[in-house]
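Residues per chain, in single letters:
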Amino acid sequence: MTAHTVGVAFDPTRTWRLHPQVAVRPEPFGALLYHFGTRKLSFLKNRTILAVVESLDEHPTVASALAAAGVDHDQEAPYLHALSVLVASNMLVRKETP
Amino acid sequence: MTSIAPVPRLVEQFERGLDAPICLTWELTYACNLACVHCLSSSGKRDPRELSTAQCKAVIDELERMGVFYVNIGGGEPTIRPDFWELVDYATEHHVGVKFSTNGVRITPEVADRLAASDYVDVQISLDGATAEVNDAVRGPGSFDMAIRALENLANAGFADAKISVVVTRHNVGQLDDFTALADRYGATLRITRLRPSGRGADVWDELHPTAAQQVELYNWLVAKGDRVLTGDSFFHLAGLGAPGALAGLNMCGAGRVVCLIDPVGDVYACPFAIHDRFLAGNIVSDGSFDNVWKNSALFTQLRQPQSAGACGSCGHYDACRGGCMAAKFFTGLPLDGPDPECVEGYGAPALAAARDKPRPGADHSRGTPIMLTLQRPPAKPCNESPV
């Protein structure tokens, strides 16, 4: 169904992006994500994680995307965990290197 | 997903409603080649006021604007609408995913090839028995073979991950592992949902709904094997049987909050199991738009307010089941602020035994007796014979 394999390890030193088949709908609480390939729904539970997810592909590493969204270094852990969950469910994929 | 900041629980957010549904059910036609005894929309004959192709496309445009991810198309048998494939293509071209439910009648090898080529269409084949004997008693003679043929055609075409959609009854609850084996055979996923006393289901619910012992059996099966099965969040009335979170899913009633139903004439109901004036929110044509009905109808506004626990207020399981299914209570003649007819604490049974007044479904599109598949020929009039 897709070229991307499920179960890729989350490496925060790389550039990630939303899977091309994922639709994002912002909501007052954060956002809904729907993956048309796996037909799975996910939830982003605040607007900061939404901003991070939407800007991942503009940053060389996850750390720089987090910093740009205003997440302090000592606040990173829950965001990294959330991103790893999105990687495990194939919502996020590695940005192909040119 | 993991919670990051101390925000209200997702379920609480959803109970207040969203600006647009996550998904919705759209019954495209009341016409059907089968006459299943438990049909929740009492389908059979086409309604002559059915939305036109242009009106359906306008609905899809609106769903795209609202950010609805996908529609669950059903009926009736949606594939017998002459413009069905045109509407499916129109929806996917407009970023509205399609899942459609069918009895398999039109899933020929050619159609299966076409479906296998799309990433945005999902197919659910309805089957209510893992054997022809159990299935055909509910869905009519020949319906098992028809569904299996459709599954074979899909598998042969390379269509990945079709769904086998089962309504759990007293007679098939013992076949859950057989359904899983059937799904495995065709590279499909099993989806099981709750039998509701809606439509013609009101007439057979007493005989067909799983017994209290079977509900426990079903719950245990879901906890043990539920990660491989879809339920449409159907069994939240069973959540009180075990630890919180043991049952996968949000386990809440989404009616008018995150889901709804559009019927073939454009009437909008709170959920697919609530086709009755009591749960009619409006009409997409006479009320101007679906968006207007979703955002402003008095019924949906009321459903998004905190609901009274009523007689269930003192029960320790109320947080788990939230009083159960509104439609199941309504169509069995039970009060909406009391226990579900299949309450796991057993409070439904005495309520069912007491005097009750069961409401009739809003409209009956039945053709009378089950009519089996015949060769296609144009009907003399739109609604005086089998639509196939």
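As the structure is a prediction and not an experimental result, all values here were calculated from the model.

The rules behind these values
Residues numbered from 1 in each chain as written. Chains lettered and ligands numbered in written order. Predicted model: local features only at pLDDT ≥ 70, side-chain atom pairs only at ≥ 80, totals over all residues. Helix = DSSP H or I, 4+ residues; strand = E, 2+ residues; numbered from the N terminus. Rg over C-alpha atoms; globule rule 2.2 N^0.38 Å. Buried ≥ 20, exposed ≤ 12 C-beta atoms within 10 Å, placed from the backbone. Contact = placed C-beta atoms within 7 Å. Pairing = 2+ DSSP bridges. Nonpolar A, V, L, I, M, F, W, Y, C, P; charged D, E, K, R; others polar. Core = buried A, V, L, I, M, F, W, Y, C linked by C-beta atoms within 7 Å. Axes fitted to C-alpha atoms, helices over the stretch in contact; angles between N-to-C directions. Right-handed = clockwise from strand over helix to strand, strands pointing away.

On a plain count of helices and strands, chain B comes out with 14 helices and 10 strands. The C-alpha atoms of chain B give 20 Å as radius of gyration, which agrees with the globular expectation for 388 residues (21 Å, within 12%). Considered along the principal axes of its C-alpha atoms, chain B spans approximately 60 × 45 × 45 Å. The buried share among the 388 residues of chain B stands at 50%. Long-range pairs, those at least 24 residues apart, make up 71% of the contacts in chain B between residues at least 6 apart in sequence.

Here we take up the overall build of chain A. A tally of regular secondary structure across chain A gives three helices and five strands. Relative to the globule expectation of 13 Å for 98 residues, the C-alpha radius of gyration of chain A, 13 Å, shows essentially globular dimensions. C-alpha extents for chain A along the principal axes are approximately 40 × 35 × 20 Å. Among the 98 residues that make up chain A, the fraction classed as buried is 33%.

Further remarks concern the pairing of strand S2 (residues 22-27) of chain A. The side chains of a regular strand alternate, first on one face of the sheet and then on the other. Residues and elements named next belong to chain A. Both S2 and strand S3 (residues 30-35) contribute to a ladder of six bridges, which runs antiparallel. Among the inter-strand pairings, alanine 23 is bridged to a residue of S3, identified as tyrosine 34. Linkage of S2 to S3, two consecutive antiparallel strands, is achieved through a turn of two residues.

This part covers the sheet that holds strand S2 (residues 70-74) of chain B. Residues and elements named next belong to chain B. Here 10 strands make up an open sheet; going across it, the order is S7-S6-S5-S4-S3-S2-S1-S8-S9-S10 and the pairing mixed. Both edges of this open sheet fall to strand S7 (229-230) and strand S10 (280-283), since each of them pairs with a single strand only. Strand direction decides the pairing type here: strand S6 (residues 189-194) and S7, joined by two bridges, are parallel. Across the sheet, residue arginine 191 finds its bridge partner in S7, namely leucine 230.

For the rest of this paragraph, the subject is the interface of chain A and chain B. The interface is formed by 23 residues belonging to chain A together with 18 residues belonging to chain B. Those elements that place two or more of their residues in the side of chain A that touches chain B are S2, S3, strand S4 (40-44) and helix H3 (76-88) of chain A. A per-element tally of the side of chain A that touches chain B places H3(A) first, with five residues. In terms of residue class, the side of chain A that touches chain B is made up of 14 nonpolar, five polar and four charged.

Bringing the nonpolar core into the picture now. All names here are of chain B. Counting residues in each nonpolar core, the largest one holds 133 residues, and the members touching the most others are Val71, Tyr269, Ala270, Cys271 and Ala274. It is helix H6 (residues 143-156) that provides the largest number of residues to this core, a total of six residues. In this view, cysteine 271 contacts Ala255, Val259, Cys260, Leu261 and Ala327; residues no more than four positions away in its chain are not counted.

Time to look at the environment of Val268(B). Residues and elements named next belong to chain B. With respect to the secondary-structure elements, valine 268 resides in strand S9 (residues 267-269). With 66 residues separating them in the primary sequence, valine 268 and leucine 334 have C-alpha atoms 23 Å apart. Contacts of valine 268, omitting those with residues within four sequence positions, involve Cys260, Leu261, Ile262, Ala281, Gly282, Asn283, Ile284, Phe290 and Val293.

Attention now goes to the sheet that holds S2(A). Residue and element names in this part refer to chain A. One open sheet holds the three strands; their spatial order is S2-S3-S4, and the pairing between them is antiparallel. Two strands in the sheet have a free side with no partner beyond their single neighbour: S2 and S4. For this sheet, the mean angle separating the axes of adjacent strands, direction not counted, is 20°. As judged from the five bridges shared by S3 and S4, these two strands associate in the antiparallel manner. Residue pairing across strands places leucine 33 opposite serine 42, the latter belonging to S4. Running over the sheet, helix H1 (residues 47-55) touches S2, S3 and S4 and is turned about 45° from S3.

As a further point, take the pairing of strand S5 (residues 163-168) of chain B. Counting buried residues along S5(B), five of its six residues qualify, which places the element largely inside the surrounding structure. After leaving S5(B), the chain enters helix H7 (residues 176-185) of chain B and then returns to the sheet as S6(B), a path that is right-handed.

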